[in-house]
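Survey of secondary and tertiary structure
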Amino acid sequence: MTTDAKRIAIAADHAGFALKQRLEAVLAGLGYDVEDLGTNSPASTDYADYGHPLAAGVSAGRVPRGVLLCGTGLGMSYVANRYPNVRAAVSWTPEIAELARRHNDANVLVLPARFVDDDTAVAILKAWLDTPFEGGRHERRVVKIERSPLAGDHTP
Ligand code: RB5
């Protein structure tokens, strides 16, 4: 049985479809149990249709983390970051992905598929997978994300 830490969901729109296939193979090669939420072809789609199910799963704790891809990464990040306890980080270098884990405990990685080459995307993915959350002062800051008086307090 796959441990929870090795479970991951992935989803993309048409702009991210090809890179999703590549990253899914990388994840499987690393021993991850990958839940592919589509899209399943390069035909034109709407990113929100794929981003919502993934973010809802992470938000509910059904899957511990996820990877989203669209052309810029922006549309997917807007969708995912509407969900309580989802911290979706658009990352275009391995360093940003590493900091998104270390400082922000990002549980969703968002890749701008039209702006990163395949090898860079793999390096970004690995940096995000392998970097732990630093905690400490960053824990306090992450907790405050859910406490915005404008966004509503989602703390249990
Ligand atoms: C699709 O053309 C594109 O708009 C989408 O992939 C994404 O970049 C939106 O934010």
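Shown above is the structure to which this text applies.
Here's what I pulled together on the structure shown here.

Opposite charge on two side chains allows them to pair when their charged atoms are near. Scanning all chains against the criterion turns up 9 salt bridges. Taking the shortest distance from any N to any O, the salt bridge between Glu24 and Lys20 comes out at 4.0 Å. With a gap of 4 residues between them, Glu24 and Lys20 both fall in helix H1 (residues 17–29), about one helical turn apart. Neither Glu24 nor Lys20 differs from the other in exposure class; each is buried. A salt bridge links Arg102 to Glu98; its shortest N-O distance comes to 3.1 Å.

Bringing a positive patch on the surface into the picture now. A cluster of basic residues, Arg137, Arg140, Arg141, Lys144 and Arg147, forms a positive patch on the protein surface. For Lys144, the location among the structural elements is in helix H6 (residues 137–145). For Lys144, a relative accessible area of 54% translates into the label exposed.

The subject of this paragraph is helix H2 (residues 47–59). Its 13 residues place the ends of H2 18 Å apart at the C-alpha level, agreeing with the 18 Å of an ideal helix rising 1.5 Å per residue. Regarding H2, the residues found buried are Tyr50, Gly51, Leu54, Ala55, Gly57 and Val58. Along the axis of H2, the buried positions cluster into a sector of 155 degrees, meaning they face one direction only. In the core, the buried residues of H2 are packed alongside strand E1 (7–12), strand E3 (66–70), helix H3 (74–80) and strand E5 (108–112). Gly61 lies just past H2 and shows a positive phi near 80 degrees.

Counting buried residues along E3, 5 of its 5 residues qualify, which places the element largely inside the surrounding structure. With burial as the criterion, each face of E3 is covered, one bearing Gly66, Leu68 and Cys70 and the other bearing Val67 and Leu69. The pairing of E1 with E3 spans 4 bridges and is classified as parallel. Across the sheet, the residue bridging to Ala11 is Leu68, located in E3. For E3 and E5, the ladder comprises 5 bridges, and the chain directions are parallel. Bridge pairing in E5 places Gly66 opposite Val108.

It is worth spelling out the packing of aromatic side chains at this point. Tallied over the full model, the rule gives 0 aromatic pairs. Above the face of the Tyr32 ring, Lys6 is positioned so that its terminal group lies 4.4 Å from the ring centre. Taking the ring centre of Trp128 as reference, the NZ or CZ of Arg65 above it sits at 5.4 Å.

Structurally, the position occupied by Gly57 is in helix H2. The spacing of Gly57 and Asp105 is 48 residues in sequence and 17 Å in space, taken between C-alpha atoms. Beyond its immediate chain neighbours, meaning those up to four positions away, Gly57 contacts Arg62 and Val63.

As a further point, take the site of the ligand. Near the ligand the following residues occur: Asp13, His14, Ala15, Tyr47, Cys70, Gly71, Thr72, Gly75 and Arg114. The separation between an oxygen atom of the ligand and a polar main-chain atom of Gly75 is 2.9 Å. Burial of the ligand by the protein chains amounts to 71% of its free accessible area of 290 Å². Its residues assigned to classes, the shell around the ligand shows 3 nonpolar, 4 polar and 2 charged.

Parameters at a glance
Residues numbered from 1 in each chain as written. Predicted model: local features only at pLDDT ≥ 70, side-chain atom pairs only at ≥ 80, totals over all residues. Heavy atoms only, no water. Salt bridge = Lys/Arg side-chain N within 4 Å of Asp/Glu carboxyl O. Helix = DSSP H or I, 4+ residues; strand = E, 2+ residues; numbered from the N terminus. Buried < 20%, exposed > 50% of the residue type's maximum accessible area, 1.4 Å probe, protein only. Patch = residues over 30% accessible without salt bridge, like charges linked within 9 Å, V, L, I, M, F, W, Y side chains within 5 Å. Areas by Shrake-Rupley, 256 points an atom, 1.4 Å probe, with all protein chains shown as cover. Lys, Arg positive; Asp, Glu negative; His and termini not counted. Charge placed at Lys NZ, Arg CZ, Asp CG, Glu CD. Expected span 1.5 Å × (residues − 1). Arc of directions from axis to C-beta. Contact = heavy atoms within 4.5 Å. Pairing = 2+ DSSP bridges. Phe/Tyr/Trp six-rings, centres within 6.5 Å; stacked < 30°, edge-to-face > 60°. Lys NZ or Arg CZ within 6 Å of the ring centre and 35° of its normal. Near = heavy atom within 4 Å. Polar contact = N/O pair within 3.5 Å; in protein donor to acceptor, adjacent residues only side chain to side chain. Nonpolar A, V, L, I, M, F, W, Y, C, P; charged D, E, K, R; others polar.

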